[in-house]
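Residue strings, one per chain:
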Amino acid sequence: MAMSEERDVVAMSAIAERLGKTTGYLSPYRRQLIARQVIERTAPGYVTFSIPFMREFLQERRGTILARYGE
């Protein structure tokens, strides 16, 4: 969800700041999402969604997702 708030390419540091975590904390999750081809690296420290319209899907269903899984 934190990644979907940006328009396109997102800095991992921005995601970490938004979540109140360190980039080191996010690294395992980043690796898993890259391995599962949900996100991809665009430059060192930057990622974007690999799945077409994933950002829009998350934005449209934000309330439902947060109600079900929490923030």
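Residues numbered from 1 in each chain as written. Predicted model: local features only at pLDDT ≥ 70, side-chain atom pairs only at ≥ 80, totals over all residues. Heavy atoms only, no water.

Moving on: helix α2 (residues 23-35). Here α2 contains 13 residues, and its C-alpha end-to-end distance of 18 Å stays within 8% of the 18 Å for a straight helix at 1.5 Å per residue. Helix geometry: α2 is bent most strongly at Tyr29, by close to 25 degrees. Where α2 ends, the next residue or the one after it, Gln37, has phi of about 60 degrees, a positive value. (Helix = DSSP H or I, 4+ residues; strand = E, 2+ residues; numbered from the N terminus. Expected span 1.5 Å × (residues − 1). Bend = angle between axes of the 7 residues up to and from the residue.)

It is worth spelling out the packing of aromatic side chains at this point. One pass over the structure, following the stated rule, counts one aromatic pair. Arranged with centres 5.8 Å apart and planes meeting at 45 degrees, the rings of Tyr25 and Tyr29 form a pair that is tilted. Residue Tyr25 and its partner Tyr29 are located together in helix α2, separated by four residues, close to a single helical turn. Look at Tyr25 and you get partly exposed, because its relative accessible area is 41%. Owing to a relative accessible area of 44%, Tyr29 belongs among the partly exposed residues under this scheme. Sitting over the ring of Tyr25, Lys21 keeps its end group 4.8 Å from the ring centre. (Phe/Tyr/Trp six-rings, centres within 6.5 Å; stacked < 30°, edge-to-face > 60°. Buried < 20%, exposed > 50% of the residue type's maximum accessible area, 1.4 Å probe, protein only. Lys NZ or Arg CZ within 6 Å of the ring centre and 35° of its normal.)

The subject of this paragraph is the environment of Ser27. Position of Ser27 relative to the elements: it lies in helix α2. As for Ser27 and Gly63, which are separated by 36 residues in sequence, their C-alpha atoms are 26 Å apart.

Time to look at the environment of Val9. Mapping Val9 onto the fold places it in the segment before β1 (10-11). As for Val9 and Thr42, which are separated by 33 residues in sequence, their C-alpha atoms are 7.3 Å apart. Setting aside residues up to four positions removed in sequence, Val9 forms contacts with Thr42, Tyr46, Val47 and Thr48. (Contact = heavy atoms within 4.5 Å.)

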